[in-house]
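In case you want the letters, here they are:
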Amino acid sequence: MIRFEHVTKRYADGTTAVDDLSFEVGRGELVTLVGPSGCGKTTTMKMVNRLVEPSSGRVLVDGRDVAATDPVELRRGIGYVIQQVGLFPHRTVLENTATVPRLLGERRARAHARAAELLELVGLDPRAFGDRYPDQLSGGQRQRVGVARALAADPPVLLMDEPFGAVDPVVRERLQSEFLALQARMRKTVLFVTHDLEEAVRLGDRMAVYGHGTIEQLDPPAAVLGSPATPYVAEFVGADRALRRLSVTPVEESHLDRPPVVRLDDPLPRAWDGARSVVVDAEGRPYGWLPAAAEAAGPAAPGTAGASPARTSAAGAAPGGVREYARRMEARVELGGSLREAFSAMLRYDAGWVAVVDPDGGRYLGVLTPERLHGALRRSLGDGDGDGVGDGGDGLGNGNGNGEGDGTEAAPAVTRP
Ligand SMILES: Nc1ncnc2c1ncn2[C@@H]1O[C@H](COP(=O)(O)OP(=O)(O)OP(=O)(O)O)[C@@H](O)[C@H]1O
């Protein structure tokens, strides 16, 4: 969709900003351009909408040489979002968003209706924000209007130059998530400039790591982090690349542990004194866990909540059903979600495992334990044989006596009151 063929840009003062660059961005693909300041990212981007003309080489959009396309016509098909959004200060949010359709001759009512839809899409209620002026918005809200405005003419191509660079990290992360969700629906062809490595990793279908005017590596983020092509890239992505890999490695079936499962409305299992079990509700969604009988029967440890102590009968079964003893556990992640989300859920809920659920319907599929997570990460980094993980335990603290499943690492954390 966007194709660079041996493109060089030398500015009048002799600076070579881009040097013999050739690469292609596929239709519906999001490529992030990342690299240190002054390496030529913005120059690359501006050659697509002819804000900068190449010194040599060609840039093609949808097979057409941009040099042979009228710039005004060209830019109609290319949304452009920059860091300082450049909203018109004397126009309302709705008018700002409707600017391009209006310029294209659309009637006011229609353009405004479309603008309202777009504001909704980027998470701004048009009734609350449509009539405000840009200086009555926060930085994050202004960026959202910038994105809405760039989408107003429904361009197939989006150029985004540090669009979330001016907002604080928390807002930035939210804008990134929203933009990813939006992109999953719209499938625009996007060039996205950033010098934030996390952002490049998180958003890019592929990321282009720039050296000086050239691309050192253009690959999916997982590949860049897993096998940096050059020492320069290795240095750029840094020693903590393993941590960054967490964001781009999905939770897969093969990572899961499958401890015994009981239903919330079941009677207590007959052999309720061995393994701890996962508890699911009537719809098969995770509810929590059932502690080993001895644990539920014994005095409640400090900080424990949920099950009331009960004595097991001589036969090993206790009165009552699973519901009576089950403990709530909220940590969960969808299959296909990232290891980072899984890890973050474990930390947030102070849990020793996280339930993995089907993205459609939230049915329980298995659990991910710290050991499994570590193994998955090691495997994704192509490090060692990778399958020595999760051995030596079912991850839910399967009884005592084997010296490793005593609940210190992999057992479900006690739900705090
Ligand atoms: N109009 C210009 N005239 C002369 N040199 C320029 C011009 N614009 C950019 N440059 C130079 O070209 C090189 C690449 O600049 P460019 O803006 O493309 O880098 P960048 O990677 O986007 O940097 P940043 O992350 O700081 O925005 C830099 O050395 C810059 O100083």
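Everything numeric here is computed off the predicted structure, so don't read it as measured data.

Peer 1: Help me out: how do you make sense of helix H16 (residues 370-380) in this one?
Peer 2: Listed as buried for H16 are Arg 372, Leu 373, Gly 375, Ala 376, Leu 377 and Ser 380. The inward-facing, buried residues of H16 contact helix H12 (241-248), helix H15 (339-348) and strand E17 (364-368).

Peer 1: Just checking my understanding: could you explain the sheet that holds strand E16 (residues 354-357) for this structure?
Peer 2: Across a sheet, paired strands are connected by hydrogen bonds in the backbone, their directions being either parallel or antiparallel. Taking strand neighbours across the sheet as the criterion, the 3 strands line up as E15-E16-E17 in an open arrangement whose pairing is mixed. Single-partner strands in this sheet number two, and they are strand E15 (332-334) and E17. Taking the axes of each pair of neighbouring strands and ignoring which way they run, one obtains an average angle of 30 degrees across the sheet. In the sheet, E15 pairs with E16 via 3 bridges, with the strands oriented parallel. The residue of E16 that forms the bridge with Glu 334 is Val 357.

Peer 1: What is the right way to read the site of the ligand from this model?
Peer 2: Lining the immediate environment of the ligand, one finds 13 residues, of which Ser 37, Gly 38, Lys 41, Thr 42 and Thr 43 sit closest. Gly 40 is positioned with one of its backbone polar atoms (N or O) 3.0 Å from an oxygen atom of the ligand. A distance of 2.5 Å separates an oxygen atom of the ligand from a polar side-chain atom of Thr 43. A total of 630 Å² of accessible area belongs to the ligand in isolation, and the protein chains cover 61% of it. Top contributing element to the shell around the ligand by residue count: helix H1 (residues 41-46), with 3 residues.

Peer 1: It is not clear to me how the pairing of E16 should be interpreted in this structure. Could you clarify?
Peer 2: Along any regular strand, the residues point their side chains to alternate faces of the sheet. Burial of E16 is two-sided: the residues Val 354 and Val 356 facing one way and the residues Ala 355 and Val 357 facing the other way are all buried. Following the backbone out of E15, through H15 and into the adjacent parallel E16, one traces a crossover that is right-handed. Where E16 lies against E17, 4 bridges are found, and the strand directions are antiparallel. Along E17, the bridge assignment pairs Val 357 with Tyr 364.

Peer 1: Explain the nonpolar core to me, please; I cannot follow it from the model alone.
Peer 2: Proteins that are soluble and globular tend to have nonpolar side chains buried together. By size, the foremost hydrophobic cluster in this structure holds 31 residues, and its most contacted members are Val 147, Met 160, Phe 179 and Phe 192. The set of elements that each furnish at least two residues to this core consists of helix H3 (93-97), helix H5 (108-121), helix H7 (139-151), strand E7 (157-161), helix H8 (169-186) and strand E8 (189-194). In terms of residues, this core owes the most to one element, H7, which gives 5 residues. Residue contacts for Phe 179: discarding those within four places in its chain leaves Leu 30, Leu 158, Met 160, Phe 164 and Phe 192. The next biggest cluster of nonpolar side chains, apart from the first, holds 26 residues, and it includes Val 25, Val 48, Ile 78 and Leu 191.

Peer 1: What's the story with the confidence of the model for the protein chain in this structure? I'm lost.
Peer 2: Note: predicted coordinates in regions of low pLDDT should not be interpreted at a detailed level. Looking at the protein chain as a whole, its pLDDT mean stands at 81, while 83% of the residues score no less than 70. The low-confidence segment residues 300-318 (pLDDT under 50) makes 38 contacts with residues lying over four places distant or belonging to another chain. Contacts for the low-pLDDT stretch residues 384-417, under 50 throughout, to residues beyond four places or in other chains number 70 contacts.

Peer 1: Looking at this structure, I do not really get the environment of Gly 226. What am I missing?
Peer 2: Note that Gly 226 resides in helix H10 (residues 221-226). Once the C-alpha coordinates of Gly 226 and Arg 245 are considered, the two residues, 19 residues apart in sequence, prove to be 7.6 Å apart.

Peer 1: Looking at this structure, how should I read the side chain of Lys 9?
Peer 2: For Lys 9, the location among the structural elements is in strand E1 (residues 2-10). Buried charge without a partner: Lys 9 forms no salt bridge, and the closest opposite charge is Glu 53, 7.7 Å away. Residues in contact with Lys 9, not counting those within four places in the same chain, are Thr 15, Thr 16, Ala 17, Val 18, Thr 43, Met 47, Val 52, Glu 53, Pro 54 and Ser 55.

Peer 1: What is the right way to look at the environment of Ser 177 in this model?
Peer 2: Tracing the sequence through the fold places Ser 177 in helix H8. When the C-alpha atoms of Ser 177 and Arg 202 are compared, they prove to be 9.1 Å apart, with 25 residues separating the residues in sequence.

Peer 1: Help me out: how do you make sense of the packing of aromatic side chains in this one?
Peer 2: Pairs of aromatic rings are described using the distance from one ring centre to the other and the angle between the two planes. Considering all chains together, one arrives at 4 aromatic pairs under this definition. Relative to Phe 23, the ring of Phe 4 has its centre 4.7 Å away and its plane inclined at 5 degrees; by these criteria the two rings are stacked. Taken together, the residues span a long stretch of sequence, with Phe 4 in strand E1 and Phe 23 in strand E2 (residues 16-25) at a distance of 19 residues. Residue Phe 4 shares its accessibility class with Phe 23, and that shared class is buried.

Peer 1: How should I be thinking about the packing of H12 against H16 in this particular structure?
Peer 2: Each pair of packed helices gets described by two things: the angle between the helix axes and the distance between those axes. H16 packs onto H12 with a crossing angle of 105 degrees between their chain directions and a minimal axis gap of 10 Å. Put simply, H12 runs roughly perpendicular to H16. Listed contacts from H16 to Ala 242, Arg 245 and Leu 246 of H12 are Leu 373, Leu 377 and Ser 380.

Peer 1: Would you mind going over unusual backbone geometry with me for this structure?
Peer 2: A negative phi holds for most residues other than glycine; trans holds for most peptide bonds. Even without being a glycine, Glu 162 presents a positive backbone phi close to 50 degrees. Inspection of the secondary structure puts Glu 162 in the loop between E7 and H8.

Peer 1: Could you clarify how one ought to interpret the sheet that holds strand E12 (residues 277-280) in this entry?
Peer 2: Spatial strand order, E11-E12-E13-E14: 4 strands in an open sheet with mixed pairing. On the outer flanks of this sheet lie strand E11 (261-263) and strand E14 (327-328), each paired with one strand and no other. As paired elements, strand E13 (residues 286-290) and E14 share 2 bridges and run antiparallel to each other. When the bridges of E14 are listed, Trp 289 appears paired with Arg 327.

Scoring rules and cut-offs
- Each chain has its residues counted from 1, running along the sequence as written.
- Local features are withheld for residues below a pLDDT of 70 in this predicted model, meaning they are given only at 70 or higher, and side-chain atom pairs are given and counted only at 80 or more; totals for whole chains, interfaces and linings count all residues.
- Values reported for side chains reflect all heavy atoms of the structure, with hydrogen atoms and water molecules removed beforehand.
- Relative accessible area decides the class of each residue, using a 1.4 Å probe on protein chains only: under 20% of the type maximum gives buried, over 50% gives exposed, and in between gives partly exposed.
- Working definition: helices are DSSP H or I runs of at least four residues, strands are E runs of at least two. Numbering for both runs from the N terminus.
- Any pair of residues with heavy atoms lying within 4.5 Å of one another is described as a contacting pair.
- In this analysis, strands are considered paired if DSSP registers two or more bridges between them.
- Fitted lines through C-alpha atoms serve as axes, helices being fitted only where they are in contact, and the angles separating the N-to-C directions of these axes extend from 0 to 180 degrees.
- The rule for a residue being near a molecule or strand is that one of its heavy atoms must lie within 4 Å of it.
- Whenever a nitrogen or oxygen atom comes within 3.5 Å of another N or O atom, the pair is scored as a polar contact, on the condition that within protein one atom can donate a hydrogen and the other can accept it, and that pairs from neighbouring residues in sequence are kept only if both atoms are in side chains.
- All accessibility values rest on the Shrake-Rupley procedure with a 1.4 Å probe; residue burial counts only the protein chains present in the view.
- A crossover gets the label right-handed when its path from the first strand over the helix to the second runs clockwise, viewed with the strands pointing away from the viewer.
- What makes a nonpolar core is a set of buried Ala, Val, Leu, Ile, Met, Phe, Trp, Tyr and Cys residues whose side-chain atoms join them at distances within 4.5 Å.
- pLDDT is a residue-level measure of predictor confidence that goes from 0 to 100.
- Under this rule, positive means Lys or Arg and negative means Asp or Glu; His and the chain ends count for nothing.
- For this document, the term salt bridge refers to a Lys or Arg side-chain nitrogen within 4 Å of an Asp or Glu carboxyl oxygen.
- Within 6.5 Å between ring centres, the rings of Phe, Tyr and Trp (the latter by its six-membered ring) count as paired, and their orientation is classed by plane angle as stacked under 30 degrees, edge-to-face over 60, tilted in between.
- Roughly parallel refers to an angle under 35 degrees, roughly antiparallel to one over 145, roughly perpendicular to one between 65 and 115, and oblique to any angle outside these ranges.

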